[in-house]
Amino acid sequence: MMLKKLVLAGAISLMGSTAFAACSYENTTEIKMLSAGFEAWKAVTDSMAECGNFQAELDQEFRTKQPAAFEANPSLYHLGGVSNGTITPLLNAETIRPLDDLVAKYGQNLKPNQLIKIDGKIMAVAMMVNTQHLMYRSDILSDLGIAVPTSWDEVYAAAGKIKEAGVVDYPLGATMKSGWNLAQEYVNLLPGHGGAFFNDDNTSAVNSDAGVAALETMKAALAFTDPEVLVSDSTYVQQQFQQGKIAMANLWASRAGAMNDEAESQVVGKVAMAAAPTAMEGGAPATTLWWDGIVVAANITDEEADAAFRLAMEGLDKETVMANNDAAIWLIEGFTPGPLSEGAIATATANPAPPPYPSTTRMGLMHTVLGNEIPAFLTGERDAVATLAAIDEAYTTAAKEAGVLK
Amino acid sequence: MNFKTFFAFVAPSVFMMILFIALPLVSVFIQSFQITQPVMQQVEVETCTPGFVTQTCVTEQKTVPVIGDDGKIQTTTEWVGLRSYRSVLQMDKVWEAVSSGRLRDILQIDFWKALRFTLMFTLITLPLVIGVGLLIALTVNNASRRVRGPIIFVSLLPFIITPVIGSLSIYWLFVGDGILTAMMERWSGTNISMFAQAWTIELLMYFYRVWHVAPFAFVIFYAGLQTVNMDTLESAVIDGANRWERLRHVIIPHLMPLIVFIALIHLMDCYRVFDEIIGFRSQAHVISLQWLTVDFLTPDDAGNRAIARASASAMLTMIGIVLLLILPLRRTWRDHKGSAH
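Nothing here was measured: the structure is a model prediction, and the numbers come from that model.

Visitor: How do you make sense of the overall build of chain B when you look at a structure like this?
Guide: Looking only at helices and strands, chain B features 13 helices and four strands. Against the compact-globule benchmark of 20 Å for 341 residues, chain B has a radius of gyration of 27 Å, which places it well outside the compact range. Judged by the C-alpha coordinates and their principal axes, chain B covers about 90 × 70 × 45 Å. Per-residue burial for chain B yields a buried fraction of 30% across its 341 residues. In chain B, once contacts between residues fewer than 6 apart in sequence are set aside, the share between residues at least 24 apart is 67%.

Visitor: Help me out: how do you make sense of unusual backbone geometry in this one?
Guide: Outside of glycine, negative phi angles account for most residues, and trans bonds account for most peptide bonds. Residues and elements named next belong to chain A. Asn73 connects to Pro74 through a cis peptide bond whose omega is 0°. Relative to the helices and strands, Pro74 is located in the loop between α3 (62–71) and β3 (79–83). A cis geometry characterises the amide bond from Asn351 onward to Pro352, with omega recorded as 0°. Within the secondary structure, Pro352 is located in the loop between α13 (342–348) and α14 (361–378). Backbone geometry places Glu94, a non-glycine residue, at a positive phi of 55°. On the secondary structure map, Glu94 appears in the loop between α4 (88–92) and α5 (100–106).

Visitor: Help me understand helix α8 (residues 180–192) of chain A, please; the structure alone is not making it clear to me.
Guide: Three- or four-residue spacings in an α-helix give side chains the same orientation, since the helix completes a turn every 3.6 residues. Residue and element names in this part refer to chain A. Here α8 is 13 residues long and its end C-alpha atoms lie 19 Å apart, about the 18 Å a rise of 1.5 Å per residue gives. Of all 13 residues in α8, eleven are buried; the element is thus mostly enclosed. Inspection of α8 places Leu182, Ala183, Gln184, Glu185, Tyr186, Val187, Asn188, Leu189, Leu190, Pro191 and Gly192 among the buried residues, and these make up the whole buried set. Where α8 is buried, its residues touch β5 (121–137), α9 (209–221) and α14. Count one or two residues on from α8 and you reach Gly194, which has phi positive near 85°.

Visitor: Any chance you could explain the environment of A:Asn27 here in plain terms?
Guide: Residues and elements named next belong to chain A. With respect to the element layout, Asn27 can be found in the loop between α1 (2–19) and β1 (31–35). Judged by the 19 C-beta atoms lying within 10 Å of it, Asn27 falls in the partly exposed class. The contacts of Asn27, once residues within four sequence positions are left out, are Cys51, Gly52, Asn53, Phe54, Ala307 and Leu311.

Visitor: Would you mind showing me how to read the interface of chain A and chain B here?
Guide: How large an interface is tends to be reported as the accessible area lost when its parts come together. In this assembly, 57 residues from chain A lie in contact with 42 residues from chain B. Where the side of chain A that touches chain B is concerned, the elements lending two or more residues are α3, α4, β4 (115–118), β5, β9 (289–296), α13, α14 and α15 (384–402) of chain A. Class assignment for the residues of the side of chain A that touches chain B results in 24 nonpolar, 22 polar and eleven charged. Alignment of β4(A) against strand β2 (residues 40–50) of chain B, held across two bridges, turns out to be antiparallel. Its bridge partner lying in β2(B), A:Ile118 is registered against B:Thr47.

Visitor: Is there a simple way to think about the environment of A:Gln132 in this case?
Guide: All names here are of chain A. When you line up the elements, Gln132 lands in strand β5. On a C-alpha basis, the gap between Gln132 and Ala43 in space is 22 Å, while along the polypeptide they are 89 residues apart. Once you skip the residues sitting within four places of it in the chain, Gln132 turns out to touch Asn188, Asn250, Leu251, Trp252, Ala276 and Thr287.

Visitor: Would you explain the nonpolar core in this entry?
Guide: The tendency in soluble globular proteins is for nonpolar side chains to be buried side by side. Counting residues in hydrophobic clusters, the biggest one holds 192 residues, and the most contacted among them are A:Met135 and A:Met248. With residues up to four places along the chain from it excluded, the contact list for A:Met135 reads A:Phe241, A:Met248, A:Ala249, A:Leu251, A:Ala256, A:Val271, A:Met273 and A:Gly343.

Calculation rules
- Residues numbered from 1 in each chain as written.
- Chains lettered and ligands numbered in written order.
- Predicted model: local features only at pLDDT ≥ 70, side-chain atom pairs only at ≥ 80, totals over all residues.
- Helix = DSSP H or I, 4+ residues; strand = E, 2+ residues; numbered from the N terminus.
- Rg over C-alpha atoms; globule rule 2.2 N^0.38 Å.
- Buried ≥ 20, exposed ≤ 12 C-beta atoms within 10 Å, placed from the backbone.
- Contact = placed C-beta atoms within 7 Å.
- Expected span 1.5 Å × (residues − 1).
- Nonpolar A, V, L, I, M, F, W, Y, C, P; charged D, E, K, R; others polar.
- Pairing = 2+ DSSP bridges.
- Core = buried A, V, L, I, M, F, W, Y, C linked by C-beta atoms within 7 Å.

Printed below as a string of structure tokens:
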């Protein structure tokens, strides 16, 4: 019985993938790819696999594997899926190749917006944008007569009213798992408060008024979140939404689709998206812009690179996007923005616009330090000023060891 | 056994130990006194990234590594003496905290915070593991033969589970409105969050470790109980010793070498506590020395790893284990010498 079901399911899924967009050519070169494992990558790699001789590894730990795998000669993968955060080590080690010739040859359907140019050379082709923005339960906000919040002050005011009404367990969800997630919240808020991370000489600049304000804004959330918020990552917040436990959160656009997944969600159609809240009057939405895209390894032959790029273009085409419209905020021709992408688009087109995630060697060091030092502030062991001093000091130690500071 | 036969049996294992333990240890020892870093240069880079409709291009100064002629990042290696140890231990801050009388400030430094937990974890679970293990062993030994098999099987189960999986299951049972938290909430009528403060997390960690390791102690003690001298026990009964006195004066002295053995193994294992930190996601509240080393080694998005500090922290962990093991090892050594003549 079980076996029969499995065979049936397999057959249906095979049918599903051949029913649309069968590949326009037959790929004869063996191509391998390593990327993150979320929905949009699955759609793209499935569509590439239709051309044959293609093997994709979708792995959430790709960021630790990719630099070493691409440094091997020949490279272990021909293609890599990267974001603006994870392309830095590949650029630094020059293990990915410029794509100008290949784009000229196969990239007729790409929009200029998709081409990631570093010093004028195309180093990656972006397929989607991602950002953290406000998701809220539209039913709860309209029941309580609350306008959609546009700033963090308004978010907290609204959270206060929702808490009073007692309609959900916790008014707010937050991706504050200590480490990368928590640091990312701060990376959203500091520029939102007009602060900067670094001085021109690579020394830390977080110990400022904006730095304190950003920390205070983070801490204010704790009055409205789950007390266990320091263990909650994006998936946890997504589930809290799906189970109707929270009413608002500043969450990744790539998680929006899950809110309407009938198999998991109890709040189908009730979660709406808006621009990320601002942290100060007249400021940009307190968030960062991300893109995900494809790079081609440097340590492979030109023929392989040619075949790999041609195959990638097959994955990043109109058919893939039209069949998976809600999987991402696609940059590719054929994308129809739906209600789920409203928030991300409002965020990205805001004036002033939020900055892209500032991925550099020093930012990598700073991100780790923030993730390790901020928890002590949120648990009340340390005040804001002492925390910022500790961040300064830990960053200086790390930067000296990494050669960024003398 | 003559030396040649002895050597033939031991050589493969000695070779493996040198290859996989001694040599890496030497390399870590050396690296803890060195810093290897890429040669960096300042360049002006123009980066164009997509918005939703149009691109934004920014030109900025970036610090990037220099690529050598071989196509690899150029690095320099420098002897720095104890610098990495100093940045892990941060002794200046420790002395400052001691002299100003604010001892709690010491626990804000990662290494000391981790050391505090690691030591407490090791020393609190040690007697519990031995006690619980002994208790199960005595119970099974006194149970009727028919139920003994099933009892042994059930009590061994926790030890079979992979540590990460075990800690994850405890995490899922208690996190948010997990089954057990929901049950405790119903009994007590208050909202309980087990992962919101350090002490409840630590309590769960102690519980988990004892639950996981006690079966190991049980198996060893159970084997030991089979060799207790029955004549001594019977004469103790005739002399009017009650159950407790027999345990205290006959059974425990007999099991003493095994207790020391279990203590040794447990101290070594516990001092390297790691799975609980990851499984319980407790980094915000509780960290351990082993976790600290791994955290130094984990590359960030830009690919940086703090290998020098990781080496220093690993060496410090090893020194800690050696210090902890001195007492039980001295005892074993004395027993060994005592039995020799």
